[in-house]
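Inside the fold
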Amino acid sequence: MAKLYFRYGAMGCGKTIQLLQTAFNYEERGQKVCVIKSVTDTKHGTKLFTRIGLERDTDFVFSRRENLLRKVRQEYANVSCVLVDEAQFLTPAQVDQLMQIVNELDIPVICYGLRLNFRQNDSGFEGATRLLQIAHIIEEIKTICECGHKAMCNARFLDGKLVTDGPDILIDDGTINVEYRAICPKCYGKYKKNNIPTEKPLN
């Protein structure tokens, strides 16, 4: 039976790398996949891009108004899996449509994304919230902080300083020095309290 998966993790944990590996595994066995991402992720256009240089074209990018069930039913009903990058940008309705793809078309859907935003809440990521509510299988992709402990926090730095307020989506487009890093709760608290520069790891 097909299932809806949500594989989440902090920034830099390798979510997109795992998505690309999953796509490769299907295609190596002669099966087709449909790889999609939100138009909200504008940094690399229609491509999926990883920090280690791997990349891939998406089959399509979707807006918040896109009906994903209709799109897949009409154009991708022959695929063996639907893979969604940056799944936190889905709307709740789109997550429900992904569940319909699973139930009505019997196609597994694997979503990769963030669970929390840089404020450490889910206010800007309603797609992640809905996935946590209804996905059949929820899996954490783990990574480590600069201090060596488990990284759980998605931290935003502007000019090397931690910021905890601002727009939900702020992508480095070359005109602003914005950096996102995965750090542990202890280091997050230290940066927040002491405004420590980020060049050196915390011990």
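Scroll up for the structure.
For the structure given in this document, a descriptive report is provided here. Keep in mind that what you see is a predicted model, and the values were worked out from it rather than measured.

What counts as what
- Residues numbered from 1 in each chain as written.
- Predicted model: local features only at pLDDT ≥ 70, side-chain atom pairs only at ≥ 80, totals over all residues.
- Heavy atoms only, no water.
- Helix = DSSP H or I, 4+ residues; strand = E, 2+ residues; numbered from the N terminus.
- Polar contact = N/O pair within 3.5 Å; in protein donor to acceptor, adjacent residues only side chain to side chain.
- Contact = heavy atoms within 4.5 Å.
- Buried < 20%, exposed > 50% of the residue type's maximum accessible area, 1.4 Å probe, protein only.
- Arc of directions from axis to C-beta.
- Salt bridge = Lys/Arg side-chain N within 4 Å of Asp/Glu carboxyl O.
- Phe/Tyr/Trp six-rings, centres within 6.5 Å; stacked < 30°, edge-to-face > 60°.
- Pairing = 2+ DSSP bridges.
- Axes fitted to C-alpha atoms, helices over the stretch in contact; angles between N-to-C directions.

Concerning the side chain of serine 38
Following the sequence through the fold, serine 38 ends up in strand S2 (residues 33-38). A polar side-chain atom of serine 38 sits 3.0 Å from the main-chain amide nitrogen of threonine 40. When neighbours within four sequence positions are excluded, serine 38 is seen to be in contact with Phe62, Asp85 and Phe89.

A few points about helix H2 (residues 68-75)
Among the residues of H2, Leu68, Leu69, Lys71 and Val72 are the ones counted as buried. The arc enclosing the buried residues of H2, seen along the axis, measures out at 165°, which places them on a common side. One side-chain oxygen of the residue at the start of H2 lies 3.1 Å from the amide nitrogen of leucine 69, identifying that residue as asparagine 67.

Remarks on the environment of phenylalanine 89
If you trace the backbone, phenylalanine 89 turns up in the loop between strand S6 (81-85) and helix H3 (92-105). According to the relative accessible area criterion, phenylalanine 89 is buried, its value standing at 12%.

Details of the pattern of salt bridges
All told, the structure shown has 10 salt bridges when counted by the stated rule. Across the pair glutamate 139 and arginine 7 runs a salt bridge whose closest N-O atoms are separated by 2.6 Å. On the criterion of sequence distance, the pair formed by glutamate 139 in strand S8 (residues 137-140) and arginine 7 in strand S1 (residues 4-8) is long-range, its members being 132 residues apart. Residue classification places glutamate 139 among the partly exposed positions, given a relative accessible area of 31%.

Observations regarding the packing of aromatic side chains
Describing an aromatic ring pair means giving the distance of the ring centres and the angle of the ring planes. In this structure the tally under the stated criterion is 4 aromatic pairs. With a centroid separation of 5.4 Å and 85° between ring planes, the pair formed by phenylalanine 157 and tyrosine 191 is classed as edge-to-face. Of this pair, phenylalanine 157 sits in strand S9 (residues 153-158) while tyrosine 191 sits in helix H5 (residues 185-194), and the two are 34 residues apart along the sequence. For the pair shown, phenylalanine 157 and tyrosine 191 are each scored as buried.

A look at the sheet that holds strand S10 (residues 161-163)
Reading across the sheet, the 3 strands line up as S10-S9-S11 and stay open at both edges, with antiparallel pairing between neighbours. Two strands close off the open sheet at either side, each with one partner strand: S10 and strand S11 (178-183). Between one strand and the next, the sheet's axes are offset by a mean angle of 45°, whatever the strand orientation. As defined by bridge partners, S9 adjoins S10 across 3 bridges and the pair is classed as antiparallel. Within S10, the residue paired with leucine 158 across the bridge is lysine 161.

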